[in-house]
Amino acid sequence: MPHDLKPEQFSGYPPEARKLVINYLSVLRRLPLSFLPSVLREAIEYDYKFPPERKALDGELITLNSLSMDQFKEWLQGFTQIQLSATLRNFDWINLPAQFVEQLASHLWTTGQLDAFRMAAMAYADRLHTAVPPEPPAAPRLGITVIGQGVASHDRPLFQKLRAHGAYYSRVNPENGLQILLDALTARAKMHPASYAHWYIDGGKQAEHNAGLSSVSYGGLAAPRAALLEKMRAEIDRPGMGPEALRTYLARLRPGDLGFTSGDEVLDRFRVKMLTEGSGTQIFSTTFVQWTTREALRRAQPLTLLARFAPRQRQRPMNEMLGESAELDPVGSLVDADMGAYYNWLNQQRLPGADESAFLVWFEGQSQALAIGPTTPRGTTSNSATDLEQILASLA
């Protein structure tokens, strides 16, 4: 049980994670078993987390450690009332906290305790948010989404869900458009240097870019994706292999299992999670960009992020999509990416400093763009000739 925890029981944790939990062992011993594995699930990945994630976990543990006995009891009382099965109590929740949390979710559902757990979790989160409010970003965020690669023209109106929030430009000079955006990304990275603060995500083959950017691309992960799909096919063919067992198998994969050798363990772990936890990220480039952008924003909370959608393969029966050949669907991908741009903006707005953030979406190679910023007139249309440099300048 939690009160029995000893330092040597965390010998399997990575170095920084082990140091963290041992430092706060007195706090962890006091946490109810219905809650503690959720903390350990984050702690065991500490070495591979982005700076904002580390800071958030540090803040949580510091806050718990500072609570009085009465406050501690008040914060955790909802979790202490959750009844656990013998199977969960005997589970190796120290070394497999994520798997424990998955089984806990099923247990809460079958025993009718899900609502009680949710209420306890929401009350705890509210108290933690009050005690440790989010810090504003070092500079206003800029999100850029590029859509429509490979589409020569499109008759239907774009950016419909975003137009009410910003200015639509109908006469944008597309010349060197992508390079202008990449140059802006590089300039911001030099102006505000920080680890994993400036991202370039591409759904196809990446354009040449500054090596200091955190970059992930669908095309660049061709070999790991092929290795993963081969492993998935082999596991699916095994007798008795169901969805839950497959998910557990995927959760245990590490960068080396898929051939990652970049030397950046944090980013390689992130890439593995994008392929093993995302639904469709292995076979649809648009889904890959959408999921990766969402997770990069949520986890790394970057100051700058450029997401470029590329044509995905056409939807077909699953066995055909897992094959070697793939027929591309540029127009369908444009429709996906148009909605994806809206989701990218929504996810950026969930981060601290949303009121000062800026967002730009551009139809690649074409004359349509839309910009959203704190001083950008909302719901407006500009039919004047302009270019992406001028639009970016208006957002600065």
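Just above, that's the structure.
We now turn to the structure provided with this report. Because the structure is a prediction, the values reported are computed rather than measured.

Observations regarding empty space enclosed by the protein
Okay, step 1: Tallied over the full model, the rule gives one cavity of 30 Å³ or more.
Okay, step 2: The calculated volume of the largest cavity comes to roughly 40 Å³.
Okay, step 3: G143, I144, T145, T293, L297, L305, A307, N344, Q348 and F359 are the residues that line the largest cavity.
Okay, step 4: Secondary-structure elements contributing two or more residues to the lining of the largest cavity are β1 (142-147), α13 (285-300), β6 (304-308) and α15 (330-349).
Okay, step 5: At three residues, β1 tops the list of elements feeding residues into the lining of the largest cavity.

Details of the packing of helix α3 (residues 36-43) against helix α7 (residues 97-110)
Okay, step 1: Between α3 and α7, the shortest axis-to-axis distance is 8 Å and the interhelical angle comes to 140°. When the axis of α3 is compared with that of α7, the two are oblique. Like other packed secondary-structure pairs, α3 and α7 cross with a definite hand, here left-handed. Between α3 and α7, the residues in contact are P37, S38, L40 and R41 and P97, A98, F100 and V101, respectively.
Okay, step 2: In terms of residue class, the contact of α3 with α7 is built from six nonpolar, one polar and one charged.

Some thoughts on the nonpolar core
Okay, step 1: Ranked by internal contacts, the top residues of the largest apolar core, which has 48 residues, are I147, F159, L162, W199, F270, F288 and V361.
Okay, step 2: Examining the composition of this core, we find that six residues originate from one element, helix α12 (residues 265-277), more than from any other.
Okay, step 3: Among all residues touching L162, those that are not within four sequence positions of it are A341, Y342, W345, F359, V361, L370 and I372.
Okay, step 4: Listed in part, the 40 residues of the second largest apolar core include L67, I82, F100 and L108.

Comments concerning the sheet that holds strand β4 (residues 198-202)
Okay, step 1: Read across the open sheet, the eight strands follow the order β5-β4-β6-β1-β7-β8-β2-β9; overall the sheet is mixed. Both edges of this open sheet fall to β5 (214-217) and β9 (380-382), since each of them pairs with a single strand only. Along the sheet, successive strands turn relative to each other by an average axial angle of 10°, direction set aside.
Okay, step 2: Bridge count between β1 and strand β7 (residues 358-363): six bridges; the pairing is parallel. Pairing of I144 across the sheet is with L360, part of β7.
Okay, step 3: On top of the sheet, helix α16 (residues 388-395) reaches β1, β2 (167-169), β7 and β8 (369-372); it is set at about 165° to β7, its chief contact.

Section: the side chain of S170
Okay, step 1: Among the secondary structure elements, S170 is positioned in the loop between β2 and β3 (172-173).
Okay, step 2: Beyond its immediate sequence surroundings of up to four residues, S170 is in contact with S367, S382 and N383.

Examining helix α5 (residues 69-80)
Okay, step 1: Compared with an ideal rise of 1.5 Å per residue, which puts twelve residues at 16 Å, α5 spans 14 Å between its outermost C-alpha atoms and falls more than 12% short.
Okay, step 2: Restricting attention to buried positions, one finds in α5 the residues F72, W75, L76 and F79. Buried residues along α5 cover an arc of 80° about the axis, so they all sit on one side. In this structure, α5 carries D70 and K73 as exposed residues pointing more than 90 degrees from its buried face.
Okay, step 3: Packed against the buried residues of α5 are α2 (25-28), α4 (51-66) and α8 (114-131).

Here's the deal with the environment of P37
Okay, step 1: Along the polypeptide, P37 turns up in helix α3.
Okay, step 2: Classification of P37 by relative accessible area gives buried; the value is 1%.
Okay, step 3: Remark: the alpha-carbon pair of P37 and S285, spanning 248 residues in sequence, is separated by 34 Å.
Okay, step 4: Excluding anything up to four places from it in sequence, P37 contacts W93, P97, F100 and V101.

Each value, and the rule that gives it
Residues numbered from 1 in each chain as written. Predicted model: local features only at pLDDT ≥ 70, side-chain atom pairs only at ≥ 80, totals over all residues. Heavy atoms only, no water. 1 Å grid on protein atoms, 1.4 Å probe; cavity = no way out; pocket = protein on both sides within 12 Å on 5 of 7 lines; lining within 4 Å. Points joined across faces, edges and corners; volume = space filled by probe spheres on them. Helix = DSSP H or I, 4+ residues; strand = E, 2+ residues; numbered from the N terminus. Axes fitted to C-alpha atoms, helices over the stretch in contact; angles between N-to-C directions. Parallel < 35°, antiparallel > 145°, perpendicular 65-115°, else oblique. Left-handed = near helix turned anticlockwise from the far one by under 90°. Contact = heavy atoms within 4.5 Å. Nonpolar A, V, L, I, M, F, W, Y, C, P; charged D, E, K, R; others polar. Core = buried A, V, L, I, M, F, W, Y, C linked by side-chain atoms within 4.5 Å. Buried < 20%, exposed > 50% of the residue type's maximum accessible area, 1.4 Å probe, protein only. Pairing = 2+ DSSP bridges. Expected span 1.5 Å × (residues − 1). Arc of directions from axis to C-beta.

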